[in-house]
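For reference, the chains in residue letters:
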Amino acid sequence: MPEAAFAQTPAAVLKLKGLQAWYNESHILHGVDLDVREGELVTLLGRNGAGKTTTLKSIMGIVGKRSGSITFHDRELIHLSIDRIARLGVALCPEERAIFASLSVKENLFLPPEIAKTGAMTADRIFTLFPNLRERLSSGGGKLSGGEQQMLAIARILRTGARFLMLDEPTEGLAPVIIQQIGRTIAELKREGFTILLVEQNFRFAATIADRFFVMGHGRIIDAFANSELPGKMDMLHEALGV
Amino acid sequence: MSVRLEAPAIAADATARDRRANAIAFAVMVGLIVLAPFVAYPFFIMQALCFALFACAFNLLIGYVNLLSLGHAMFLGLASYVCAHAAKVWGLEPVSAIALGVAASAALGVVTGALAIRSIGIYFAMITVAFSQMVYFFCVEAPFTHGEDGIQAVPQGRALGLFDLSNPWILYVFVAIVFLFGFLAVQRTVNSPFGEILKAIRENEPRVISLGYRSMQYKLAAFSLSAAIAGLAGATKAIVAQNASLTDVSFAMSGEVVLMTLVGGMGTFYGPVIGAFIVVSMQNYLAQYGEWVTVIQGVVFVACVLVFRRGIVGELAARARISL
Amino acid sequence: MNVFGHVISWPQLYGQLLIGLINGSFYALLSLGLAVIFGMLTIVNFAHGAFYMMGAFGAYFLLKLAGLDYWWALILSPFAIGAIGAIVERLFLKRLVGLDPLYSLLLTFGLALIFQGLFQNFFGASGLPYAIPKQLSGAYNLGFMFLPVYRGWVIVASMVVSFGTWLVIEKTKLGAYLRAATENPTMVRAFGINVPRMVTLTYGFGVALAAFAGVLAAPINQVRPGMGADIIAVVFAVVVIGGMGSIMGSILTGFVLGVVEGLTKVFYPEASNTVVFVIMAIVLLIRPAGLFGRAS
Ligand SMILES: Nc1ncnc2c1ncn2[C@@H]1O[C@H](COP(=O)(O)OP(=O)(O)OP(=O)(O)O)[C@@H](O)[C@H]1O
Ligand SMILES: [Mg+2]
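Please read all numbers here as calculations on a predicted model, not as lab measurements.

Trainee: What exactly am I supposed to notice about the overall build of chain A here?
Mentor: Each helix and strand counted, chain A has 10 helices and 10 strands in total. By the compact-globule yardstick of 18 Å for 243 residues, chain A fits well, its C-alpha radius of gyration being 18 Å. The C-alpha extent of chain A, read off along each of the three principal axes, is 50 × 45 × 40 Å. Sequence separation of 24 or more characterises 70% of the internal contacts of chain A that already satisfy a separation of 6 or more. When the 28 basic and 27 acidic side-chain charges of chain A are each reduced to a single mean position, those positions are 4 Å apart.

Right under this line is the structure:
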């Protein structure tokens, strides 16, 4: 039985062990352990300031000083530069969305270079996922609405062939209809086999799509559980997230 | 509890140490100024003191307001011309001639400052370069400056009608007094409430504005004061050297004052003085090597920026944990 | 015509307009290079004038030492000086990332002193002659004036290179990388682009533009160690007037101010050296961020 369970568990795409991170002198992550398996959608929950964004940035290599271990497909990332990490197939959709205002929507969308020949989405497929973008292709990146920006930020990283996506609070500040649309899109991405690490404050939203949850507090993982265990975790979550 | 009591005590101790260190440094500097003419060529010391004052003026901006002026020679040079002209053509006695030079530079400081201080950082630096170039061309063209020849044989005259500055000893005392006056003016300004606001602007300008201060007016005042003191240095130099020339308004001169301050230590009181003596000595000793002086200055510049950003005095002060 | 007491003839007017356009060509190329560098590195390259001078010397060396003519120089000299620029960025400027940009400014200032001092040592202050290539000698008769072919060529070459650079930056993928990295270098790196290398190449390219202007200038102004120092303050004024960071702004301002300077020489010659600075003062009064700049 344990053997069978082992066989069914897909290999870990990403593994963090004892990840610590600093901004200048302030110590933000104090040893984060986390894993994401092939094809899985893992959600990272936690209060404001818990260190979720810092975790994603550390994986991407954006945080200046970090220690511990980050392996991606068994390859150590901790000493690699940002662009090397990106070229291995790690893609980040940042919290602030980072749409380039001096570039048109089209330029934004086609900016990230292809890093893998296979697994990249075609432009047509992207436009069926995000029909609004097609109409706005020639407008300036700075002129999009919040929802459009979010869609563009997600669309942008689908074209490159990266199969591991990190989405930082994609629903933040958006209207309920847009949140639903983004939820459907993320579910679709998962069906297509993308491995996704999602940061969310809104765990009701996450509950509809996530396989597993990690809960963060003060720069540490304080709990981890599967989606099926969610009902029993409600009290803990209300406490941990302060909702 | 004890920790909370200790912190202010340490701070108070530090300011007491700073004060003591500054008193010692000042005494040493005055002592050296008194002794210098007996061991070195007085003309050289007087010229170096003028440049030291010029560097102190420049340092008031870069060191305490974080404004890098790359056109400060315009103040040195303009005052030098005005003073030389007033002394030679109008026959004014040296103190009035110097005062006129200072007034001219201060006025130039107000006008250029009003336009430049609205920008910061590199933008500010470029604007000052451009203005100084404009003043340079003005000095090339204006009839009273005599173009390439400059104003020569400026009479030294009797200061206030009493002290005959053509006597080298009296001239030396006069220059020393002017220097100390300017030096203390800078130091007083920095340590005054006005100076505290300047430093606050350097650290966080939006916050100072939100506290209700008009930061622009403070910056303009600092800029004009710096221009006036640079003018004092230039005018005095015209009396010492008995000439005024295009060298003093040139872009190279603007660069030299940056170098002096950088070598000695930006944001320190004594750094610019030491830096000025080093750069002026370097020029004297290397004069025979022609343009190599420029190359060596460039190398010192690059070396300071890369590995010695605090400068001599800044480095010493940091090691001794005092502020000089 | 009689203006301000000066008697002005039409040929004189055309002549000065032409000289103005030539100077404007150099201003445009130089301020464009500064703008490209500023956009990417947010530093002001004070060594720009020195690189311009070195571009001209590059042409001189290529001719004297390797026998390579003007056309080779037009390509090789900017390439070589650009490579020196890239090395400077790698060796020095890179170490100052994250510090106050004033330090990089001072560093390039020091480099300018070194380069200029070295050339002055070896070549003195006077100019070395560099002949106009024979394909470009002579003059066209335009009916109302004679246009020396070489001068026409300088204007055309400068316009082509300036607007070509603008096109590349505004309309191509490469340009999109540059603009994006100007805005948010970290994010561009997170897409897998080697931004540090891009920064090095950008600096090298900006320097190469200055060197290109230097080669163009060699047959007109002679090759002099001081040629960069003489022009750089005006170029800074041009950049301040146009507004930092605007590519098209720096090109247009460069040409227009060259012409304005030329016209001033006709109508009020005493002010021709200062007119650009006066315009700068006026622009600063009205638009502190420059004509094309965005207020920060
Ligand atoms: N650039 C920075 N410099 C210094 N401290 C930072 C920086 N960015 C974040 N921090 C600090 O690090 C801690 C963790 O921040 P982080 O952005 O990772 O939180 P988060 O979990 O993503 O929160 P949120 O839900 O608000 O996005 C916070 O205390 C924050 O103040
Ligand atoms: Mg966050």
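Trainee: I tried to follow helix H10 (residues 230-241) of chain A on my own but got confused; where do I start?
Mentor: A turn of α-helix holds 3.6 residues, and therefore any two residues three or four places apart point the same way. Residue and element names in this part refer to chain A. Spanning 12 residues, H10 covers only 14 Å between terminal C-alpha atoms, well under the ideal 16 Å at 1.5 Å per step. Those residues of H10 hidden inside the fold are in contact with strand E3 (41-46), helix H9 (203-207), strand E9 (212-217) and strand E10 (220-226). One or two positions beyond H10, positive phi appears at Gly-242, with a value near 65 degrees.

Trainee: Can you help me understand the coordination of the magnesium ion (ligand 2) in this one?
Mentor: For a metal with four tetrahedral donors the ideal donor-metal-donor angle is 109.5 degrees, whereas six octahedral donors ideally subtend 90 or 180 degrees. Distances from the magnesium ion (ligand 2) to its protein donors, namely Thr53(A) (OG1) and Glu95(A) (OE), fall within the range 1.8 to 2.5 Å. Of the two residues, Thr53(A) is situated in helix H2 (residues 52-60) and Glu95(A) in the loop between strand E6 (90-93) and helix H4 (105-110); the sequence distance between them amounts to 42 residues.

Trainee: Sorry if this is basic, but what is going on with the arrangement of the chains here?
Mentor: Of all two pairs of chains that touch, the greatest number of contacts is found between chains B and C. At the level of C-alpha atoms, the two units chain A and chain B stay apart, their nearest approach being 18 Å.

Trainee: Would you mind showing me how to read the sheet that holds strand E1 (residues 12-23) of chain A here?
Mentor: In any sheet, the strands associate via hydrogen bonds between backbone groups, in a parallel or an antiparallel arrangement. Residue and element names in this part refer to chain A. If you trace the four strands from one edge of the open sheet to the other, you get E2-E1-E4-E5, paired in antiparallel fashion. Since the sheet does not close on itself, it has two edges, and those belong to strand E2 (26-37) and strand E5 (75-76), each with one partner. By the bridge criterion, seven bridges tie E1 to strand E4 (residues 65-72) in an arrangement that is antiparallel. Bridge pairing in E4 links Ala-21 to Arg-66. Against the sheet, H2 engages E1, E2 and E4, with an angle of about 110 degrees to E1.

Trainee: What am I meant to see in the environment of Val295(B) here?
Mentor: Structurally, the position occupied by Val295(B) is in helix H11 (residues 292-307). When near neighbours in sequence (up to four residues on either side) are disregarded, Val295(B) contacts Leu113(C), Ile114(C), Gly117(C), Leu118(C) and Asn121(C).

Trainee: How do you make sense of the interface of chain B and chain C when you look at a structure like this?
Mentor: Frequently, the measure chosen for interface size is the accessible area removed from exposure when the parts meet. Contacts between chain B and chain C engage 39 residues on the former and 46 residues on the latter. Sorting the residues of chain B by area buried against chain C places Ile122(B), Tyr123(B) and Met126(B) first, and these three jointly supply 18% of that buried surface. Our count for the contact surface shared by chain B and chain C stands at zero salt bridges. Across the chain B-chain C interface, the total number found is five residue pairs in polar contact (both at pLDDT 80 or more). Those elements that provide at least two residues to the side of chain B that touches chain C are helix H5 (121-141), helix H9 (251-264) and H11 of chain B. No other element matches H5(B), which puts 14 residues into the side of chain B that touches chain C. Grouping the constituent residues of the side of chain B that touches chain C by class yields 27 nonpolar, eight polar and four charged.

Trainee: What exactly am I supposed to notice about the interface of chain A and chain C here?
Mentor: Facing 22 residues of chain A, the contacting portion of chain C comprises 17 residues. Across the interface of chain A and chain C, roughly 1,700 Å² is buried in total on both sides, 64% from carbon and sulfur atoms. Three residues, Asp83(A), Phe100(A) and Leu111(A), lead the burial of chain A against chain C; their summed loss comes to 33% of the area buried on that side. Our count for the chain A to chain C interface comes out at two salt bridges. The partner of Arg179(C) in a salt bridge is Glu107(A), and the shortest N-O contact between them spans 2.7 Å. Counting the contacts that link chain A with chain C gives eight residue pairs in polar contact (both at pLDDT 80 or more).

Trainee: Whenever I open this one, the pattern of salt bridges confuses me. Can you help?
Mentor: Oppositely charged side chains can pair when the atoms bearing their charge come close. According to the stated counting rule, one finds 20 salt bridges over all chains in the structure shown. Salt-bridge contacts for Asp35(A) lead to Arg37(A); the nearest nitrogen and oxygen are separated by 3.5 Å. Here Arg224(C) makes a salt bridge to Asp230(C), at a shortest N to O gap of 3.3 Å. Look at Arg224(C) and you get partly exposed, because its relative accessible area is 24%. Judged by its relative accessible area of 46%, Asp230(C) falls in the partly exposed class. Residues joined in a network through salt bridges with shared partners are Asp35(A), Arg37(A), Glu40(A) and Arg212(A).

Trainee: Can you walk me through the site of ligand 1 in this structure?
Mentor: Residues and elements named next belong to chain A. Within the structure, ligand 1 sits among 13 residues, and Gly-49, Lys-52, Thr-53, Thr-54 and Glu-95 are positioned closest to it. Between ligand 1 and Gly-49, the relevant distance is 2.8 Å, taken from an oxygen atom to a main-chain nitrogen or oxygen of the residue. Side-chain polar atom of Thr-53 to an oxygen atom of ligand 1: 2.6 Å apart, as the coordinates give it. For ligand 1, whose unbound accessible area comes to 630 Å², protein coverage reaches 62%. For the shell around ligand 1, the leading source of residues is H2, giving three residues. Here the shell around ligand 1 is built from residues that sort into three nonpolar, six polar and four charged.

Trainee: I keep staring at the side chain of Thr55(A) and nothing clicks. Help me out?
Mentor: Within the fold, Thr55(A) resides in helix H2. Not counting chain neighbours up to four residues away, the residues in contact with Thr55(A) comprise Leu16(A), Leu29(A), Val32(A), Leu44(A) and Met216(A).

Trainee: Would you take a moment to explain unusual backbone geometry for this structure?
Mentor: Excluding glycine, a negative phi dihedral is what most residues carry, and trans is how most peptide bonds are arranged. Positive phi outside glycine occurs at Asn24(A), with the angle close to 50 degrees. Here Asn24(A) is to be found in the loop between E1 and E2. Classification of Asn24(A) as exposed rests on a relative accessible area of 73%. Positive phi is not limited to glycine here, since Asn66(B) has a value of about 60 degrees. In this structure, Asn66(B) sits in the loop between helix H2 (42-64) and helix H3 (73-88). Since its relative accessible area comes to 30%, Asn66(B) is described here as partly exposed.

Trainee: Is there a simple way to think about the packing of aromatic side chains in this case?
Mentor: When we look at a pair of aromatic rings, we describe it by the centre distance and by the angle of the planes. Considering all chains together, one arrives at 35 aromatic pairs over all chains under this definition. Seen in terms of ring centroids, Phe57(C) and Tyr60(C) are 6.5 Å apart; in terms of plane orientation they differ by 75 degrees. Their pairing is edge-to-face. With a gap of three residues between them, Phe57(C) and Tyr60(C) both fall in helix H2 (residues 48-66), about one helical turn apart. In this pair, the class of Phe57(C) matches that of Tyr60(C), namely buried. Above the plane of the ring of Phe194(A) lies Arg163(A), whose end atom (NZ or CZ) is 4.2 Å from the centre.

Trainee: Which parts of the structure should I look at to understand the sheet that holds E6(A)?
Mentor: All names here are of chain A. The strand order across the open sheet formed by six strands is E6-E7-E8-E3-E9-E10, and the pairing between neighbours is mixed. Each end of this open sheet is capped by a strand with a single partner; those strands are E6 and E10. Pairs of neighbouring strands in the sheet enclose a mean axial angle of 20 degrees, with direction left out of account. Pairing geometry for strand E7 (residues 164-168) and strand E8 (residues 195-199), over five bridges, is parallel. Within E8, the residue paired with Leu-165 across the bridge is Ile-196.

Trainee: Is there a simple way to explain the packing of helix H7 (residues 193-210) of chain B against helix H8 (residues 215-241) of chain B in this structure?
Mentor: The angle between the axes and the distance between the axes are what describe a pair of packed helices. Residue and element names in this part refer to chain B. Closest axis-to-axis distance for the H7/H8 pair is 10 Å, and the angle between their directions is 140 degrees. By the angle class used here, H7 and H8 are oblique. Note that H7 runs across H8; the crossing there is left-handed. Within the contact between the two elements, H7 uses Phe-194, Ile-197, Leu-198, Ile-201, Glu-205 and Ile-209 and H8 uses Ser-215, Met-216, Tyr-218, Lys-219, Ala-221 and Ala-222. Considering only residue class, the contact of H7 with H8 consists of nine nonpolar, one polar and two charged.

Definitions and limits used
- Residues numbered from 1 in each chain as written.
- Chains lettered and ligands numbered in written order.
- Predicted model: local features only at pLDDT ≥ 70, side-chain atom pairs only at ≥ 80, totals over all residues.
- Heavy atoms only, no water.
- Helix = DSSP H or I, 4+ residues; strand = E, 2+ residues; numbered from the N terminus.
- Rg over C-alpha atoms; globule rule 2.2 N^0.38 Å.
- Contact = heavy atoms within 4.5 Å.
- Lys, Arg positive; Asp, Glu negative; His and termini not counted.
- Charge placed at Lys NZ, Arg CZ, Asp CG, Glu CD.
- Expected span 1.5 Å × (residues − 1).
- Donors = N, O, S within 2.8 Å, 3.2 Å for Na, K, Ca; no water.
- Pairing = 2+ DSSP bridges.
- Axes fitted to C-alpha atoms, helices over the stretch in contact; angles between N-to-C directions.
- Buried area = accessible area lost by both parts, 1.4 Å probe.
- Salt bridge = Lys/Arg side-chain N within 4 Å of Asp/Glu carboxyl O.
- Polar contact = N/O pair within 3.5 Å; in protein donor to acceptor, adjacent residues only side chain to side chain.
- Nonpolar A, V, L, I, M, F, W, Y, C, P; charged D, E, K, R; others polar.
- Buried < 20%, exposed > 50% of the residue type's maximum accessible area, 1.4 Å probe, protein only.
- Near = heavy atom within 4 Å.
- Areas by Shrake-Rupley, 256 points an atom, 1.4 Å probe, with all protein chains shown as cover.
- Phe/Tyr/Trp six-rings, centres within 6.5 Å; stacked < 30°, edge-to-face > 60°.
- Lys NZ or Arg CZ within 6 Å of the ring centre and 35° of its normal.
- Parallel < 35°, antiparallel > 145°, perpendicular 65-115°, else oblique.
- Left-handed = near helix turned anticlockwise from the far one by under 90°.

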